[in-house]
Every structure is written in structure tokens, then in C-alpha cells.
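Descriptive analysis of the structure
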Amino acid sequence: GAVVSQHPSRVICKSGTSVKIECRSLDFQATTMFWYRQFPKKSLMLMATSNEGSKATYEQGVEKDKFLINHASLTLSTLTVTSAHPEDSSFYICSATKREGLPDTQYFGPGTRLTVL
Amino acid sequence: SQKIEQNSEALNIQEGKTATLTCNYTNYSPAYLQWYRQDPGRGPVFLLLIRENEKEKRKERLKVTFDTTLKQSLFHITASQPADSATYLCALSGNNRLAFGKGNQVVVIP
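Residues numbered from 1 in each chain as written. Chains lettered and ligands numbered in written order. Predicted model: local features only at pLDDT ≥ 70, side-chain atom pairs only at ≥ 80, totals over all residues. Heavy atoms only, no water.

Quick word on the overall build of chain A
Counting secondary structure elements, chain A contains zero helices and 11 strands. Across chain A, helices and strands are ordered from the amino to the carboxyl terminus as β-β-β-β-β-β-β-β-β-β-β. Over its C-alpha trace chain A gives a radius of gyration of 13 Å, about what one expects of a compact globule, namely 13 Å for 117 residues. C-alpha extents for chain A along the principal axes are approximately 40 × 25 × 20 Å. Buried positions account for 50% of the 117 residues belonging to chain A. In chain A, the proportion of contacts linking residues at least 24 apart, taken out of those at least 6 apart, comes to 56%. Distance from the positive charge centre (13 side chains) to the negative charge centre (10 side chains) of chain A: 6 Å. (Helix = DSSP H or I, 4+ residues; strand = E, 2+ residues; numbered from the N terminus. Rg over C-alpha atoms; globule rule 2.2 N^0.38 Å. Buried < 20%, exposed > 50% of the residue type's maximum accessible area, 1.4 Å probe, protein only. Contact = heavy atoms within 4.5 Å. Lys, Arg positive; Asp, Glu negative; His and termini not counted. Charge placed at Lys NZ, Arg CZ, Asp CG, Glu CD.)

Shown next as C-alpha cells:
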């Protein structure tokens, strides 16, 4: 199997607060984890790539101080949206690749719906 | 510039028929091409991977073709069922990352 979980599935927060989203690979060790955001009827936009124990690599235009990524272990990565604003409201999805898996194949979590009031 | 194009219009199809989706790309040379399914409010689910040296790949009722000359992949769902209704995403892979198309919605009418 290749099950990825995310927590929480849905969060509503006030503007200016920080929100942490967890991504876990439940039955495998993830070589790499990815964080995406998705707007309605739009494609997934890669935000950053992270490997266990090293700093995340952010895509162009993604503020690393705004979207903090911590990849503490081979099964856990967290995304913290700091000082959230309404424009940060989106669907955030993480994914992971397996060491023994098909090349570049990613296993996705169920997503987290963030609403910033 | 690099582009991955999928039809933005939903494909409405009668149950039992074959649904065919197209993915065209420009300015990419992917080693692999993948197809994912995404249901509303959920993360994508991997369906199939096809390599650049493969012309066709099948999995149960799904068939994918890959033409690197045309820079196109076709995704077929045979004997479609209402449960196949979802958005299907094409993804090009290379350098341990994926670039996704916007997806093409399929609606299977009972």
C-alpha cells in the first residue's frame, strides 16, 4: 500500500494566525514529500519539495517565510502557514514518493481545506 | 513556454461507452507520463504510468497511449460506469517532480 494522511482535513482560522498542517505516510517511508495548493478548477501548483532532515526547496514565487516546511522524519512533513490572510485560503495537498515505487509516482493525501476569515 | 493542455470542457458520456481524454504538451521531454484521478475535495489518486519508450499501457478498463512525436497521450475508460465520474489529471514527470495539467472532468450518465 501507499497511504498518505493529512490533518486536519478542514480548518478555519482568523486572519493573522498561524496554521499547521501535518502530512504522514502511514505504511511506507517517504523519500521525498511535496506540498501543493489547488484553486477551484485549476491545476495543482507545486509549492515546495522536501527531503527528510534537509531544508525544503521552494518553487519560484512561494515565500519560504510564509509557508514553513519541516520534514522531521521519513514519515512526517508539516506545512505551517504563518500570519495567514484571506488570500491564503485554498486547498493544500501533500504527496510522497516511495523508495521502491514507480519512478516519480506520487501518493497524495486527502487534502486540507484552509479558510482564512 | 511549457504547457500541458487538457480539455477544459467536461466530457459527458453514456454508461457503457468508452471515454477518451487527451493530454497535449509542449516544450517538455518527459521520461514518463502519468494519469491521476481526482474526486471533488480529495487528493489525486495514481492510476497509470507510461514510459517514453512504451506506446500503450493497460490496467483493467483503463488504457493509456503515449506518442512522443505528437507530444500527446490519450486516456481511455472502456465500459464506463457512473463511478468513473471524476476529474482526470495528466502529469509529466522528470527530475523527481510532476507537472500537472488542469484536468478533464468526466461525467458518466446512467
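Having seen the model, we can carry on.
Side note on the nonpolar core
Core analysis: the biggest nonpolar cluster contains 25 residues, and Val4, Trp35, Phe67, Leu79, Tyr92 and Leu114 of chain A have the highest contact counts within it. Residue contacts for leucine 79 of chain A: discarding those within four places in its chain leaves Val19, Lys20, Ile21, Trp35, Phe67, Leu68, Ile69 and Tyr92 of chain A. By size, the runner-up hydrophobic cluster in this structure holds 23 residues, among which are Leu21, Tyr28, Ala86 and Cys90 of chain B. (Core = buried A, V, L, I, M, F, W, Y, C linked by side-chain atoms within 4.5 Å.)

Some words on the interface of chain B and chain A
One frequent convention defines the size of an interface as the accessible area lost when the parts assemble. Between chain B and chain A, the contact holds 21 residues from the first and 20 residues from the second. A salt bridge links glutamate 59 of chain A to arginine 97 of chain B, with the shortest nitrogen-to-oxygen separation between them at 2.5 Å. Here chain B and chain A share five residue pairs in polar contact (both at pLDDT 80 or more) between them. Secondary-structure elements contributing two or more residues to the side of chain B that touches chain A are strand S4 (32–38), strand S5 (45–51), strand S9 (86–94) and strand S10 (97–100) of chain B. The element that contributes the greatest number of residues to the side of chain B that touches chain A is S4 of chain B, accounting for four residues. Residues that form the side of chain B that touches chain A fall into these classes: eight nonpolar, nine polar and four charged. (Salt bridge = Lys/Arg side-chain N within 4 Å of Asp/Glu carboxyl O. Polar contact = N/O pair within 3.5 Å; in protein donor to acceptor, adjacent residues only side chain to side chain. Nonpolar A, V, L, I, M, F, W, Y, C, P; charged D, E, K, R; others polar.)

A look at the pattern of salt bridges
Residues and elements named next belong to chain B. Here the structure, examined in full by the defined rule, presents seven salt bridges over all chains. Close ionic contact of aspartate 39 with arginine 37 constitutes a salt bridge, the shortest N to O distance being 3.1 Å. A residue is classified by how much of its surface remains accessible, and aspartate 39, at 27% relative accessible area, is partly exposed. Among the residues examined, arginine 37 registers a relative accessible area of 18% and is labelled buried. Its salt-bridge partner being arginine 58, residue glutamate 56 comes within 2.9 Å of it at the nearest N-O pair. Judged by relative accessible area, which is 57%, arginine 58 ranks as exposed.

Regarding the state of the cysteines
All names here are of chain A. Evaluated as defined, the whole model comprises two disulfides over all chains. Put simply, cysteine 23 and cysteine 94 are joined by a disulfide, and their sulfur atoms are 2.0 Å apart. The chirality of the disulfide connecting cysteine 23 with cysteine 94 is right-handed, given an S-S dihedral of about 80 degrees. Of this pair, cysteine 23 sits in strand S3 (residues 19–25) while cysteine 94 sits in strand S9 (residues 90–98), and the two are 71 residues apart along the sequence. (Disulfide = S-S within 2.5 Å.)

Some details on the packing of aromatic side chains
Summed over all chains, the structure comprises 11 aromatic pairs over all chains. Between phenylalanine 75 of chain B and tyrosine 88 of chain B the ring centres are 5.2 Å apart and the planes differ by 35 degrees, which places this aromatic pair in the tilted class. With a gap of 13 residues between them, phenylalanine 75 of chain B in strand S8 (residues 72–77) and tyrosine 88 of chain B in strand S9 connect regions that are remote in the sequence. One aromatic cluster is present, formed by Tyr36 and Phe108 of chain A together with Tyr36, Phe46 and Phe100 of chain B through successive ring pairs. The ring of phenylalanine 28 of chain A has lysine 98 of chain A lying over it, and the distance from NZ or CZ to the ring centre is 5.9 Å. Across from the ring centre of tyrosine 107 of chain A, 5.8 Å away, lies the NZ or CZ of lysine 98 of chain A, which sits over that ring. (Phe/Tyr/Trp six-rings, centres within 6.5 Å; stacked < 30°, edge-to-face > 60°. Lys NZ or Arg CZ within 6 Å of the ring centre and 35° of its normal.)

Re the pairing of strand S1 (residues 4–7) of chain A
Residues and elements named next belong to chain A. Across the two faces of S1 the burial differs, with Val4 and Gln6 buried and Ser5 and His7 not buried at all. Strand direction decides the pairing type here: S1 and S3, joined by four bridges, are antiparallel. Each residue of the ladder has a partner; that of valine 4, found in S3, is serine 25. (Pairing = 2+ DSSP bridges.)

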